[in-house]
Amino acid sequence: MSDTALRVACVGAGYFSQFHYGAWARLPEVTCVGSADRQIAAAQATGFPAFDDLQQMLAATRPDILDIILPPVAHRDAVLLALDAGVKTIICQKPFCQDLQEATSLTVLAEHSGARLIIHENFRFMPWYRAIKSEISSGRIGTPLQASFRLRPGDGQGPDAYLDRQPYFQQMPKFLIHETGVHWIDTFRFLFGNPGAVYADLRQINPDIQGEDAGFVLFDHPGGVRALFDGNRHCDHLADNQRRTMGEALFEGTEGVLTLMGDGSVTLRPHGSMESETILPPDNWEGFGGDCVYHLQNHVVQGVLGRGAFENEARDYLEVIRIKDAIYQSAETGQKIELW
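Described in the following lines is the structure provided in the data block. For clarity, every value in this text was computed on a predicted model and none was experimentally measured. (Residues numbered from 1 in each chain as written. Predicted model: local features only at pLDDT ≥ 70, side-chain atom pairs only at ≥ 80, totals over all residues. Heavy atoms only, no water.)

### Some details on the overall build of the protein
Rules: A helix here means a DSSP run of H or I that spans at least four residues, while a strand means a run of E at least two residues long, and both kinds are numbered starting from the N terminus. With C-alpha atoms as the basis for the radius of gyration, the globule rule is written as 2.2 Å multiplied by the number of residues raised to the power 0.38. Contacts were defined at the residue level, with two residues in contact if any of their heavy atoms lie within 4.5 Å. Here the open area of atoms and residues is found with the Shrake-Rupley method and a 1.4 Å probe, where only the protein chains shown may cover a residue. In summary, the charge assignment counts Lys and Arg as positive and Asp and Glu as negative, without counting His or the chain termini. Taken as the charge location is NZ of Lys, CZ of Arg, CG of Asp or CD of Glu.
Helix and strand counts for the protein stand at 9 helices and 15 strands. In terms of C-alpha radius of gyration, the protein reaches 20 Å, essentially the compact-globule figure of 20 Å for 340 residues. Overall, the C-alpha framework of the protein stretches about 60 × 45 × 40 Å when taken along its three principal axes. Partitioning the intrachain contacts of the protein with sequence separation of at least 6 by distance along the chain shows that 67% fall at a separation of at least 24. Accessible area for the protein stands at about 14600 Å²; split by element, carbon and sulfur atoms hold 49% of it. Of note, the protein has its 28 positive side-chain charges centred 4 Å away from the centre of its 43 negative side-chain charges.

Shown next as structure tokens:
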């Protein structure tokens, strides 16, 4: 590895961290200098130099980039330690912090410290959404009119739901939108801009969890575009891997329809036609979500190296949290909530 490679350290070695560590190991511009976790055996299993204390790791490794792979309750302390240690690029997993006030406070502190704080919101980096964005932007479906995504991971039934992978899901008082639907809040923003209003109807089906696990959210986007998030963690969809796309989607315009299938393929059917064109073939990546974690981390590395602008910086991501809060307000009041 080059002496000029960016030094990357990570904190957190739970279930999802495997995708982070695997992606960092494949990036040629970085050197992986440390993994911290309270369970030292978990940190050691990553193959990185292992620590059981974040502050000690930061002092020993002096990373250019710290990747925070922790749940929201731990974000504040991790970011503060990173800022105190002088880390200038911090990536933090979503959902970012415990609430908007905490997220805003950390964002301000990072800005005042001259640090770049980026939220690990990886779904917009899935190859099918990049392809769909390109097709919409080039006018292939004409004027966009509406979009719908059907979340159907099929993993939410019974008392053992989520226990084999992320058991803390069962204890989250706000679940479907806060933990999962937030991905499509950001993805719809990426495709259509910030919504001006939201309306939500949420419900809890599984009595063995604390939060909601099904519901509908309607987004009013600029230009009259309407987007629907239709989520149900009990039902599945046609896919060999339910977690590749986690569902299916339609993006409809005056001149055609883009369809996302559970295999990661995207097709375009022109308006009035019986034939469809393949825009993106089925995905064959065996890991998570079309290798979106790698694509996000590579995006950050290229930005640090001055090769492109950053997406998902914390200041912009605060809008995702505001929209998420408005969705819950709508579900509680039964009213459409105006955002701006």
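Read on, since the account is not over.
### What about unusual backbone geometry?
In plain terms, the rule: Each residue's exposure class comes from its accessible area (1.4 Å probe, protein chains only) as a fraction of the maximum for that residue type: buried when under 20%, exposed when over 50%, partly exposed otherwise.
Put simply, Lys 94 and Pro 95 share a cis peptide bond, and its omega is -10 degrees. With respect to the secondary-structure elements, Pro 95 resides in the loop between strand E5 (89-93) and helix H5 (100-112). Of note, the phi angle at Met 246 is positive, near 65 degrees, even though the residue is not glycine. Judged by its relative accessible area of 4%, Met 246 falls in the buried class.

### A closer look at the side chain of Arg 243
Here is the rule we go by: Any carboxyl oxygen of Asp or Glu within 4 Å of a side-chain nitrogen of Lys or Arg constitutes a salt bridge here.
On the secondary structure map, Arg 243 appears in the loop between strand E10 (226-232) and strand E11 (247-253). It turns out Arg 243 is buried and unbridged, and the closest side chain with the opposite charge, Asp 155, is 4.9 Å from it. Those residues in contact with Arg 243 that sit more than four places away from it in its chain are Tyr 15, Phe 16, Arg 165, Phe 288 and Gly 289.

### Section: the sheet that holds strand E15 (residues 337-338)
The line we're drawing: DSSP calls a pair of strands paired once it identifies at least 2 bridges connecting them. Simply put, an axis is a line fit to the C-alpha atoms, just over the touching stretch for a helix, and the angle between two N-to-C directions goes from 0 to 180 degrees.
Pairing within the open sheet is mixed, and its 9 strands lie in the order E14-E13-E12-E11-E7-E10-E9-E8-E15. Edge positions in the sheet fall to strand E14 (277-280) and E15, since each has one partner strand and no second. Two elements, strand E13 (residues 266-270) and E14, share 3 bridges in a ladder whose sense is antiparallel. Considered in E14, the bridge of Leu 268 is made with Glu 277. With respect to the sheet, helix H6 (residues 127-137) is in contact with strand E7 (144-151), E11, strand E12 (256-260), E13 and E14, its orientation differing from that of E12 by roughly 175 degrees.

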